[in-house]
Amino acid sequence: WIRWTNIERFADQHDFAVVMFSAGNSDYYAWPDAALGYDPYRFLLDELMPLAQQWFPLSTKREENFVAGLSMGGYGACLYGFNNPERFGGVGAFSGVPFDLPNLLKDPSQLPDRMQNHIKATGGLDAYLASPLNVWQKTRDYAEALERGDIEKPMQLYLSCGDKDDLMYEPFKTYKAYLEDLGLEATYEVGKGYAHEWDFWEISFKSMVKAFGLTK
């Protein structure tokens, strides 16, 4: 983000902070056979956010904290947001969304390698289905909590993808339809002619900030 976009200048212009950390290629979860002792999922929630909010003049209010990312980070933003809607006022996912798990499980042999790794990391399919990594189900849980009135105010949602993105455009359309079926309101942006690329992610970030009302 620092090298390939103007995110720092944009944040300075509109007076908000951007806090980033490295999760490697972990999908923001602890793996039993790699990076032992590092749990990116809990790190952000239990360590980095409280630390940043204590060291700097940053708000702890839910409506003033947002989570966003691109590609794996888009999935990660959904992971954090839909598992912890009490912590975030909005979720931004650029060219990265949860996959349609029920459809994929119709033929487990065809599961993407990444999802097979998720299942292995959590200790098997049943454990995976009950884990935070099952973001497809967590999205439904969030929608049902909203409908019951357990969550007073919905998170703002922004999702984007380029229509030339061979990796994520179809999953993006599937997840968009899923959100709509669940009755969840969101801002969607399709980048005409864009693939999986930084030019579009900078556009997406600025569009999300405007959609969330963070611009001066």
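On a predicted model such as this, the values are computed, not experimentally measured, just so you know. (Residues numbered from 1 in each chain as written. Predicted model: local features only at pLDDT ≥ 70, side-chain atom pairs only at ≥ 80, totals over all residues. Heavy atoms only, no water.)

Moving on, we come to the nonpolar core. Ranked by internal contacts, the top residues of the largest apolar core, which has 45 residues, are Y80, F82, L159 and Y175. Residue contributions to this core peak at seven residues, all from helix α3 (residues 72-83). Non-local contacts of Y175, meaning those with residues more than four positions away in its chain, are made with C78, F82, V97, P98, W136, T139 and L159. Listed in part, the 11 residues of the second largest apolar core include I7, F10, L70 and W201. (Core = buried A, V, L, I, M, F, W, Y, C linked by side-chain atoms within 4.5 Å. Buried < 20%, exposed > 50% of the residue type's maximum accessible area, 1.4 Å probe, protein only. Helix = DSSP H or I, 4+ residues; strand = E, 2+ residues; numbered from the N terminus. Contact = heavy atoms within 4.5 Å.)

Here the focus is helix α7 (residues 135-148). The end-to-end C-alpha distance of α7 is 20 Å, a good match for the 20 Å that 14 residues give at a rise of 1.5 Å each. Every buried residue belonging to α7 is among V135, W136, T139, Y142, A143 and A145, and all of these are buried. Turning to α7, the residues buried within the fold contact α3, α4 (101-104) and α8 (169-181). Of the residues one or two after α7, G149 is the one with positive phi, at around 90°. (Expected span 1.5 Å × (residues − 1).)

Turning next to the pairing of strand β3 (residues 156-162). Among the seven residues that make up β3, six are buried, leaving the element largely enclosed by the rest of the structure. Here β3 runs beside strand β4 (residues 187-191); their pairing, made up of five bridges, is parallel. Bridging from a neighbouring strand, S160 pairs with E189 of β4. After leaving β3, the chain enters α8 and then returns to the sheet as β4, a path that is right-handed. (Pairing = 2+ DSSP bridges. Right-handed = clockwise from strand over helix to strand, strands pointing away.)

In this section: a nonpolar patch on the surface. Nonpolar side chains collect at one region of the surface, where I2, V18 and M20 lie side by side and expose about 260 Å² of accessible area between them. Tracing the backbone shows V18 in the loop between α1 (7-14) and α2 (40-55). Take V18: its relative accessible area is 34%, and that puts it in the partly exposed class. (Patch = residues over 30% accessible without salt bridge, like charges linked within 9 Å, V, L, I, M, F, W, Y side chains within 5 Å. Areas by Shrake-Rupley, 256 points an atom, 1.4 Å probe, with all protein chains shown as cover. Salt bridge = Lys/Arg side-chain N within 4 Å of Asp/Glu carboxyl O.)

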